[in-house]
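Structural description and commentary
Single-letter residue listing:
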Amino acid sequence: MNEINVSRTPPSQALYQALLTAYNHFNDTLFSGALPPVIFTVQRQKDLLGYFAPERWASPDGERCHEIAINPTHMGQSRVIEVLQTLVHEMVHCWQHCHGSPGRGSYHNKEWAYKMIEVGLHPSSTGEPGGDIVGQHMSDYPIENGLFMLACHSLVREQSFTLPWIYRLKARNAESTNTDDGELTTPGEALPAPALTAAHSPGKGEDFQLRQLEAREPESYLYATYSELLPNDTFYSPPLSKTKRKTTYQCPSCLTKVWGKPELNIACQDCNCLFTSA
């Protein structure tokens, strides 16, 4: 394993500074600077690409601060523009909390939907054209030549934006539709996560990535996955948990289901027949 170069910016600082750079850029270009400072967290939560949590943090002086979280697995398995999509999605929730009227619970109302369209993201219950623009669990897609797309291009071209550290562990299943914790958080959009086959050893990625970017137009970085940008040993799958190695068995008569270890020999006494693997 390669050691981290101590002369470089510390990894935590570099990662959070990149998120802050993107947040400030979108705040200026899409929200006219109307959003307050937030605290970023990087959290692995099942079925969440990101979330906004109002006033989740407090200072000893009594100040309150909102939180925006990004799922690092999403960062590693998506196109760069999709990560920025999640960020702006949560920024719209922040805007609505500060300047509008959020829906009850995690409901995405018309005010939220219209603001999304205004900043260049079209809300959709399916993540594709034709879906509902309001609802409990919402996705979105970029509007062609909209403000979001223009802001992303200027972020990369003018500020040389890049994510300096990428989470290596692959999710077993692609991050799916958004759900929230039902209280203070609001979900990010659901985006298709491409299958990844590439990877590298820690410490090589940043230099390799910069070499890749030098060989392509800056905007094309937005549409690349990190499997295209990083060497062939970066990403890896987690070992299969023993607690999840269970088989579903079903009675062919009454359809009762049970779960147990593979190759169990069990019978339904009510129906006097053997369970079969479902």
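This text gives an overview of the structure that appears in the document. Quantities reported herein were computed from a predicted structural model and do not represent experimental measurements.

Basis of the calculations
- Every chain is numbered on its own, with residues counted from 1 as its sequence reads.
- It should be noted that, the model being predicted, local features are given only for residues of pLDDT at least 70 and side-chain atom pairs only at 80 or more, the latter also being counted only at that level, while totals for whole chains, interfaces and linings use all residues.
- Excluded from the side-chain calculation are hydrogens and water; included are all heavy atoms of the structure.
- For each structure, a 1 Å grid was placed over the protein atoms alone; sets of points admitting a 1.4 Å probe that cannot get out are labelled cavities, open sets with protein on both sides within 12 Å along at least five of seven lines are labelled pockets, and lining residues have an atom within 4 Å of a point.
- Grid points are joined across faces, edges and corners, and a volume is the space filled by probe spheres set on the points.
- What counts as a helix is a DSSP run of H or I of at least four residues, what counts as a strand is a run of E of at least two, and both are numbered from the N terminus.
- Each residue receives one of three labels: charged for Asp, Glu, Lys and Arg, nonpolar for Ala, Val, Leu, Ile, Met, Phe, Trp, Tyr, Cys and Pro, and polar for the others, Gly being one of them.
- To obtain each axis, a line is fitted to C-alpha atoms, and for helices this fit is confined to the stretch in contact; angles are then taken between N-to-C directions over 0 to 180 degrees.
- For classification purposes, angles smaller than 35 degrees are called roughly parallel, those larger than 145 roughly antiparallel, those between 65 and 115 roughly perpendicular, and all remaining angles oblique.
- With the far helix as reference, a near helix turned anticlockwise by less than a right angle produces a left-handed crossing, and one turned clockwise produces a right-handed crossing.
- Here, residues are in contact when the closest pair of their heavy atoms is within 4.5 Å.
- The classification of residues rests on relative accessible area computed with a 1.4 Å probe and restricted to protein chains. Under 20% of the type maximum is buried, over 50% is exposed, and intermediate values are partly exposed.
- Here a strand pair is declared whenever DSSP counts at least two bridges between the two strands.
- Helix span, expected: 1.5 Å multiplied by one less than the number of residues in the helix.
- Think of it this way: a Phe, Tyr or Trp ring, Trp meaning its six-membered ring, pairs with another when their centres are within 6.5 Å, and the plane angle makes it stacked under 30 degrees, edge-to-face over 60, tilted otherwise.

1. Comments concerning empty space enclosed by the protein
According to the stated counting rule, one finds one cavity of 30 Å³ or more in the structure shown. Taken as a whole, the largest cavity encloses approximately 30 Å³ of empty space. What lines the largest cavity is simply L19, A22, I70, V83, L84, L87 and F161. Of all the secondary-structure elements, those providing two or more residues to the lining of the largest cavity are α1 (11-31) and α3 (80-99). Split into classes, the residues belonging to the lining of the largest cavity amount to seven nonpolar, no polar and no charged.

2. Quick look at the packing of α3 against helix α4 (residues 110-119)
Describing two packed helices takes the angle between their axes plus the distance from one axis to the other. Taken N-terminus to C-terminus, the directions of α3 and α4 make an angle of 130 degrees; their axes are 10 Å apart at the nearest point. Taken together, the axes of α3 and α4 lie oblique to each other. In this structure, α3 crosses over α4, and the sense of that crossing is right-handed. Where α3 approaches α4, its residues V88, H89, V92, H93, W95 and Q96 are matched on the opposing element by E111, W112, K115, M116 and V119.

3. What about the pairing of strand β7 (residues 247-250)?
Of the two faces of β7, only one is covered, namely that formed by T247 and Y249; the face formed by T248 and Q250 stays uncovered. Bridge analysis of β7 against strand β8 (residues 257-260) gives four bridges, and the strand direction is antiparallel. Opposite T247, over in β8, you have G260 as the bridge partner. In terms of strand pairing, β7 meets strand β11 (residues 276-277) through two bridges, oriented antiparallel. By the bridge assignment, Q250 is partnered in β11 with T276.

4. A word on helix α5 (residues 147-159)
An ideal rise of 1.5 Å per residue puts 18 Å on 13 residues; α5 measures up with 17 Å between its terminal C-alpha atoms. Listed as buried for α5 are F148, M149, A151, C152, S154, L155 and V156. For α5, the elements touching its buried residues are α1, α3, α4, β4 (121-124) and β5 (139-142). One or two positions beyond α5, positive phi appears at S160, with a value near 50 degrees.

5. Thoughts on the packing of aromatic side chains
Taken as a whole and assessed by the stated rule, the structure comprises three aromatic pairs. The interplanar angle of 25 degrees and the centroid separation of 6.0 Å between the aromatic rings of F26 and F148 together place this pair among those described as stacked. Note that F26 is positioned in helix α1 and F148 in helix α5, a separation of 122 residues in sequence. Per residue, the accessibility class of F26 equals that of F148, and both read buried. Summarising the aromatic geometry, the rings of Y221 and Y226 are spaced 6.4 Å apart at their centres and angled 85 degrees between planes, so their arrangement reads as edge-to-face.

6. Points about the environment of L48
Looking at the secondary structure, you find L48 in the loop between β1 (38-42) and β2 (50-58). The spacing of L48 and H74 is 26 residues in sequence and 8.8 Å in space, taken between C-alpha atoms.

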